Amino acid sequence: MSEQAFQDSWWLLTRARGVGLLLRILVLVSPLAALVCTRAAGGPAPVVIEFGVVVLTLFCVVLPDSHLGLLVSLLAGVGWLATVDDTTTPWSLAMALTLLVFHTSLAAASVAAPGAAWTAALRRRWLLRCGVLAMACVASWLLVAAVNVYDVAASSALVAAALVVLAVAGLMVRDVTTDGAAGH
Amino acid sequence: MSAVDRWRPTAAHARALIVALVFAIVAVLARRPDVLVLATPFVGAAVWAIVLRPTIVPAVRQSIGHRTVREGDATTWHIHVDDPEGRVETVAALLEAPDWVDRRPLEGQVVVGLHDDGDEGLDVVVRSTRWGRRRIGPALVVTTSAFGAFRWATRNDSQGASLLTLPQTSRFDAAAPPVHVPGLIGVNRSPRQGSGNEFASIRTFQPGDRLRRINWPRSVRTGTLHVSTTWADHDRHVVLLVDALEDVGESEGIDGTASSLDITVRAAGAIAEHYIHAGDRVALLMLGARGVQRVAPASGYRHLRRLLEVMADVQPADAQRDDGRLPRGLGGGALVVMLSPLTSPAALRRAVNIADHGISLLVVDCLPPDITRQDPGDPYVGLAWRIELLKRAREVRRMREAGIAVVPWRGPGSLDVVLRDLQHHAGTRPRRSP
């Protein structure tokens, strides 16, 4: 990201108002909330990770359409993995919701200039989407809790099958995203 | 299809994909189902975006409502997006504009949901606050799919438009009688009797009188032939001499302070509109401006439009281009209205030169009245202007002593007294020898 692009983004940020301003506040707050969830679930994450998340989040506010959000998400996940041992803690749901808010806010902030006035229909559409994904997070957490309750035995075959499914899914996604994006 | 003419995945989509895959792999390898919960929003967003991935780029058309407006008037910049596939969700646009153009919404930033709002919400109101010709648009139009995962942006420079802003003519009206001119056509009553429509008197028949002028009732009653006489109709020929040698002062557009060229152009437009409305012929001469230097005299509203368009294109010359010669088209009884801030020696010389040829000349002083308050942060600027104004006042006094009427532009009626005086002294001023 060039210095000029950063300056342009900063200038645009100073014009933020309404929904554009709210989105940037959410971008700023949600990773901090994720760190709070991590602390609540298993204690403080390594200082380097927390510091990295905070600093990168500040840049994300200025540059929502950059890959810094990817680093913040990964760092938050690493912090969780390194800190939390309880795999069924309800804080994982809260953590997932904060990541959802972070990702959606960044995506929404990158579709329009910060000063643009969002229409009511547009706001409803994004809120509805966010709500659906939040429901998916709840369902996912319930599924994990159920697996834990029924104590499904670990299986090497199951792990291998899951890896294969992930690999195939990854390849399919890559093909669809790169080739399909060429358009007509 | 060019490389830019296609949908591209965004950083948001890359984030959703990579985080989803990394978290899922870690969850499987580390046997951490809680990480799967963390991956859920990213998996959901990525899958959703891929399912609703657009493949056909939309068609974007841009247009402007009016290509010619008056100062302070607004028009609309239209953006139409045609999405045959129906997968464009969000359309954002950013219309940049040059100086003197206000946009609403602020900064020309708009965003709509194409499905729910249509593309009517993409209209940007454009308001021009100063005369001139400017290039507007095209807007940068960015379309995105679900979750902002795929983006297609376009900015077709050929869809820009030229917006001509005509000067907002200050309302001007003159009740003064017309200045003496020798023409015999037009709608104004001449001070002389001649062939016209308006009754003047009845007198005895003289050789040369036309038979259709005989007043038979009076002739029968008196037993002597009498004829009805009429006032001649004459054609008023007004020449607007616009001094564009300098633009003094700071212009803030129609809503703020005016520079000398602002006042000059708006006053010239007002005077032209007044005389054209009265059916007179108006010519335009530019002193020192770049571009069109002269518009021949004519009447009618199309001619007024032509005059205003030429005035809207006025730009002060880089160098003082004034040969000092009497411009063509003067003389022949024309009323010359010279509009100038009177800060240039060339303009002052030109005024004296015109008057020396016995041409009716009215000089309209277009210097901004608050010129000495231009830079409150630097008192020396105001002081320098006061010194300059003292010298200028001396020159103006000399012009008045030479019989040239100089009147500051103050809007409606500000020229009445001077025009009446010109009528009173018409033809009495001796022509000086060169």
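Not measured: the values here are computed from a predicted model.

This brings us to the overall build of chain A. Along its length, chain A carries seven helices and zero strands. The burial tally for chain A puts 38% of its 184 residues in the buried class.

With that settled, consider the overall build of chain B. Within chain B one finds nine helices and 20 strands. Counting every position in chain B, which comprises 434 residues, the buried fraction comes to 45%. Contacts spanning at least 24 positions in sequence make up 74% of the contacts within chain B whose residues lie at least 6 apart.

Strands belonging to one sheet form pairs held by backbone hydrogen bonds; the direction of such a pair is parallel or antiparallel. Residue and element names in this part refer to chain B. If you walk across this open sheet you meet the four strands as S2-S4-S8-S6, and the pairing is antiparallel. Every interior strand has two partners, whereas the edge strands, strand S2 (59-64) and strand S6 (101-104), have only one. With strand direction ignored, the average angle separating the axes of adjacent strands in the sheet is 20 degrees. By the bridge criterion, four bridges tie strand S4 (residues 74-82) to strand S8 (residues 124-128) in an arrangement that is antiparallel. Counted as the bridge partner of threonine 75 is valine 126 from S8.

All names here are of chain B. With 12 residues, helix H7 (residues 345-356) should reach 16 Å at 1.5 Å per residue; the first-to-last C-alpha distance of 16 Å fits that figure. For H7, the complete set of buried residues consists of Ala347, Leu348, Arg350, Ala351, Ile354 and Ala355. Viewed end-on, H7 has its buried residues packed into an arc of 160 degrees, placing them on one side of the element. Taken together, the buried residues of H7 touch strand S15 (237-243), strand S16 (281-287), strand S18 (335-340), strand S19 (360-365) and helix H8 (379-401). Glycine 358 sits one or two residues past H7 and shows a positive phi near 75 degrees.

In this section: the environment of B:Val363. Mapped onto the elements of the fold, B:Val363 is located in strand S19. Considering only alpha carbons, one finds B:Val363 and B:Leu342, 21 residues apart in sequence, at a separation of 9.1 Å.

Moving on, we come to the packing of helix H5 (residues 260-277) of chain B against helix H6 (residues 301-312) of chain B. A packed helix pair is summarised by two numbers, namely the angle formed by the two axes and the spacing between the axes. All names here are of chain B. Direction vectors running N to C along H5 and H6 enclose 175 degrees, while the axes themselves pass 10 Å from each other. Put simply, H5 runs roughly antiparallel to H6. Here Val265, Ala268, Gly269, Ala272, Glu273 and Ile276 of H5 come into contact with H6, specifically with Tyr301, His303, Leu304, Leu307, Leu308 and Met311. Considering only residue class, the contact of H5 with H6 consists of nine nonpolar, two polar and one charged.

A few words on the nonpolar core. Counting 100 residues, the largest nonpolar core has B:Ala20, B:Ala39, B:Ala92 and B:Ala93 as its most contacted members. No other element matches helix H5 (residues 91-109) of chain A, which puts 13 residues into this core. Every residue in contact with B:Ala92, bar those within four places of it in the chain, is listed here: A:Val111, A:Ala112, A:Ala113, A:Ala116, B:Val110, B:Val111 and B:Val142. Core analysis: the next-biggest nonpolar cluster, separate from the first, contains 58 residues, B:Met286, B:Val295, B:Ala334 and B:Val364 among them.

Looking now at the pairing of strand S7 (residues 109-113) of chain B. All names here are of chain B. Burial within S7 is extensive, with five of its five residues counted as buried. Taking every second residue as pointing to the same face, both faces of S7 are buried, with Gln109, Val111 and Gly113 on one and Val110 and Val112 on the other. Bridge count between strand S5 (residues 90-94) and S7: five bridges; the pairing is antiparallel. Bridge pairing in S7 places leucine 94 opposite glutamine 109.

With that settled, the discussion passes to the confidence of the model for chain A. Residue-level pLDDT values for chain A average 85, and 85% of them are 70 or greater. Low pLDDT (under 50) marks residues 180-184 of chain A, which in the prediction has 15 contacts with non-local residues, meaning those over four places away or in another chain.

All names here are of chain B. The sheet built from three strands is open, its strands ordered S3-S12-S9 with mixed pairing. The outermost strands of the open sheet, each flanked by one partner alone, are strand S3 (68-70) and strand S9 (132-136). Averaged over all adjacent pairs, the angle separating strand axes in this sheet is 30 degrees, with direction ignored. Summarising the sheet, S9 and strand S12 (residues 161-166) pair through five bridges and their orientation is antiparallel.

This part covers the pairing of S16(B). Residues and elements named next belong to chain B. Of all seven residues that make up S16, six are buried, and the element is covered over most of its length. Bridge count for S15 against S16 is seven bridges, and the pairing is parallel. By the bridge assignment for S16, valine 239 is matched with alanine 283. Two elements, S16 and strand S17 (residues 294-298), share three bridges in a ladder whose sense is antiparallel. Note on S17: the bridge partner recorded for leucine 284 is valine 295.

Residue and element names in this part refer to chain B. Chain-level pLDDT for chain B is 82 on average; 84% of the residues reach the 70-or-more range. Throughout residues 180-185 the model reports pLDDT below 50, and contacts reaching past four residues in sequence, or to other chains, amount to 22 contacts. Per-residue pLDDT stays below 50 along residues 426-434; that stretch engages in 10 contacts with residues further than four places along the chain or on separate chains. Scored as a complex, the prediction yields pTM 0.74 and ipTM 0.87.

Let us now look at the environment of A:Trp118. Looking at where A:Trp118 falls in the secondary structure, it is placed in the loop between H5 and helix H6 (120-150). With 23 C-beta atoms packed within 10 Å, A:Trp118 lands in the buried category. The spatial distance from the C-alpha of A:Trp118 to the C-alpha of A:Met172 is 34 Å, given a sequence separation of 54 residues. Filtering out sequence-adjacent residues up to four positions away, A:Trp118 remains in contact with A:Gly18, A:Val19, A:Arg123 and B:Val111.

Okay, unusual backbone geometry next. Phi is mostly negative for residues that are not glycine, and the peptide bonds are mostly trans. Residues and elements named next belong to chain B. Cis geometry marks the peptide bond from arginine 104 to proline 105, where omega comes out at 5 degrees. Relative to the helices and strands, proline 105 resides in the loop between S6 and S7. Along the chain, glycine 137 connects to proline 138 via a cis peptide bond; the corresponding omega equals 0 degrees. Even without glycine at this site, arginine 31 takes up a positive phi of about 55 degrees. Position of arginine 31 relative to the elements: it lies in the loop between helix H1 (11-29) and helix H2 (33-51). The exposed category is assigned to arginine 31, around which 11 C-beta atoms lie within 10 Å. The residue leucine 342 is not glycine, and still its phi comes out positive at about 60 degrees.

Criteria and thresholds
Residues numbered from 1 in each chain as written. Chains lettered and ligands numbered in written order. Predicted model: local features only at pLDDT ≥ 70, side-chain atom pairs only at ≥ 80, totals over all residues. Helix = DSSP H or I, 4+ residues; strand = E, 2+ residues; numbered from the N terminus. Buried ≥ 20, exposed ≤ 12 C-beta atoms within 10 Å, placed from the backbone. Contact = placed C-beta atoms within 7 Å. Pairing = 2+ DSSP bridges. Axes fitted to C-alpha atoms, helices over the stretch in contact; angles between N-to-C directions. Expected span 1.5 Å × (residues − 1). Arc of directions from axis to C-beta. Parallel < 35°, antiparallel > 145°, perpendicular 65-115°, else oblique. Nonpolar A, V, L, I, M, F, W, Y, C, P; charged D, E, K, R; others polar. Core = buried A, V, L, I, M, F, W, Y, C linked by C-beta atoms within 7 Å. pLDDT = per-residue confidence, 0-100.

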